[in-house]
Amino acid sequence: MIGFKNKEQKQHLYYLKIEIYKKLIEECMQSKDEIIILEKPFKSEWKDFLKNLIIKYKYETYTINIFAKDFQTIWNRVLKRENSKEERHPSHYLNSYTINEISIKHFLNINMTLLRQNMIIYFQIV
């Protein structure tokens, strides 16, 4: 867990998160994982990155696009979530966020609970 003191640090962490995700995807492909599922609302700038990895590691790919008939309902849900301080982690709407002991305990408790309920996920970032 990492905190930030201003908008610039927050933006830097955003790009760092993207780079870590890209590295993790490539490491999965390098290790020849049989099935890799990526779920994210990918922006267009991801297209070349993913295409190059698919070619480099010779993966067969399937893309699933989900469309909705009622876009307004989905948009309203997105707005509600984005504007809700109850449903969002504070780091999404604050320009400064510091980690304290309570935050760390809360984070670890949530993640351990999710791991116990779902599955154990292992990854290593080098």
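Numbers given to residues run from 1 along each chain, matching the order in which its sequence is written. With pLDDT at 70 or above as the cut-off, local features in this predicted model cover only qualifying residues; side-chain atom pairs require 80 or more to be listed or tallied, and sums for whole chains, interfaces and linings still use all residues. The basis for the side-chain values is all heavy atoms of the structure; hydrogens and waters are excluded.

1. Observations regarding the packing of aromatic side chains
Consideration 1: Only centres within 6.5 Å qualify two rings of Phe, Tyr or Trp (six-membered ring in Trp) as a pair; their planes then separate them into stacked at under 30 degrees, edge-to-face at over 60, and tilted for everything else. For the coordinates displayed, the defined rule picks out 5 aromatic pairs.
Consideration 2: Pairing Trp46 with Phe49 gives two aromatic rings, centres 5.8 Å apart and planes at 85 degrees, and the pair type is edge-to-face. With Trp46 and Phe49 both in helix 2 (residues 46-57), this residue pair falls 3 residues apart, about one helical turn.
Consideration 3: Here a set of aromatic residues connected by ring pairs shows up, and it is made of Tyr21, Phe42, Trp46 and Phe49. Runs of H or I in DSSP of at least four residues are treated as helices and runs of E of at least two as strands, each being numbered from the N terminus.

2. Describing the pattern of salt bridges
Where charged atoms of side chains with opposite charge meet at close range, the side chains can pair.
Consideration 1: Only one rule defines a salt bridge in this text: a Lys or Arg side-chain nitrogen within 4 Å of an Asp or Glu carboxyl oxygen. Within the structure shown, the criterion is met by 2 salt bridges.
Consideration 2: When the shortest N-O distance is used, the salt bridge between Lys23 and Glu27 registers 3.4 Å. With Lys23 and Glu27 both in helix 1 (residues 7-30), this residue pair falls 4 residues apart, about one helical turn.
Consideration 3: A salt bridge links Lys56 to Glu26; the nearest nitrogen and oxygen atoms lie 3.1 Å apart. You can see Lys56 sitting in helix 2 and its partner Glu26 sitting in helix 1, a full 30 residues away along the chain.
Consideration 4: With relative accessibility at 53%, the residue Lys56 sits in the exposed group. Each residue's exposure class comes from its accessible area (1.4 Å probe, protein chains only) as a fraction of the maximum for that residue type: buried when under 20%, exposed when over 50%, partly exposed otherwise.

3. So, the packing of helix 1 against helix 2
Packed helices, taken two at a time, are described by their axes: the angle between them and the distance between them.
Consideration 1: To obtain an axis, a line is fitted to C-alpha atoms, over the contacting stretch when the element is a helix, and the angle between two such axes runs from 0 to 180 degrees between their N-to-C directions. Orientation of helix 1 relative to helix 2, taken along the N-to-C sense of each, is 15 degrees, at an axis distance of 10 Å. Classed by the angle they form, the pair helix 1 and helix 2 counts as roughly parallel. Relative to helix 2, helix 1 is oriented so that their crossing is right-handed. Residue-level inspection shows Ile18, Tyr21, Lys22, Ile25, Glu26, Met29 and Gln30 of helix 1 in contact with helix 2, the latter providing Trp46, Phe49, Leu50, Leu53, Ile54, Lys56 and Tyr57.
Consideration 2: Broken down by class, the residue content of the contact of helix 1 with helix 2 amounts to 10 nonpolar, 1 polar and 3 charged. Should an angle fall under 35 degrees it is called roughly parallel, over 145 degrees roughly antiparallel, and 65 to 115 degrees roughly perpendicular, with every other angle called oblique. Crossing handedness follows the turn of the near helix against the far one: under a right angle anticlockwise gives a left-handed crossing, and clockwise gives a right-handed one. Any two residues having at least one pair of non-hydrogen atoms within 4.5 Å are treated as being in contact. The residue classification treats Ala, Val, Leu, Ile, Met, Phe, Trp, Tyr, Cys and Pro as nonpolar and Asp, Glu, Lys and Arg as charged. All others, Gly included, are polar.

4. Let's talk about helix 2
Consideration 1: Here the expected length of a helix is defined as 1.5 Å per residue gap, with one fewer gap than residues. An ideal rise of 1.5 Å per residue puts 16 Å on 12 residues; helix 2 measures up with 17 Å between its terminal C-alpha atoms.
Consideration 2: Among all positions in helix 2, only Trp46, Phe49, Leu50 and Leu53 are buried. Projected onto a plane normal to the axis of helix 2, the buried residues spread over an arc of 90 degrees and lie on a single side. Set apart from the buried face of helix 2 by more than 90 degrees, the exposed residues are Lys47, Asp48 and Ile55.
Consideration 3: Buried residues belonging to helix 2 abut helix 1.
Consideration 4: Just downstream of helix 2, Lys58 is the residue with a positive phi angle, here 55 degrees. Think of it as the arc spanned by the lines of direction from the helix axis to the C-beta atoms.

5. Concerning a nonpolar patch on the surface
Consideration 1: The grouping of Phe71, Ile74, Trp75, Val78 and Leu79 at the surface amounts to a nonpolar patch, some 440 Å² of accessible area in total.
Consideration 2: Structurally, the position occupied by Val78 is in helix 3 (residues 71-83). A patch consists of residues whose relative accessible area exceeds 30% and which take part in no salt bridge; residues with like charges are grouped when within 9 Å of each other, and nonpolar side chains (Val, Leu, Ile, Met, Phe, Trp, Tyr) when within 5 Å. In this description, accessible areas are obtained by the Shrake-Rupley approach with a 1.4 Å probe, and a residue is regarded as covered only by the protein chains that are shown.

6. Remarks on the confidence of the model for the protein chain
Consideration 1: The quantity called pLDDT is the predictor's confidence in a given residue, expressed from 0 to 100. For the protein chain, the mean per-residue pLDDT works out to 77, and 76% of the residues sit at or above 70.
Consideration 2: For the protein chain, the element scoring lowest by mean pLDDT is helix 4 (residues 101-117), at 52; helix 2 scores highest, at 94.
Consideration 3: Residue range residues 118-126 is modelled with pLDDT below 50. Its contacts to residues more than four positions away, or to other chains, number 9 contacts.

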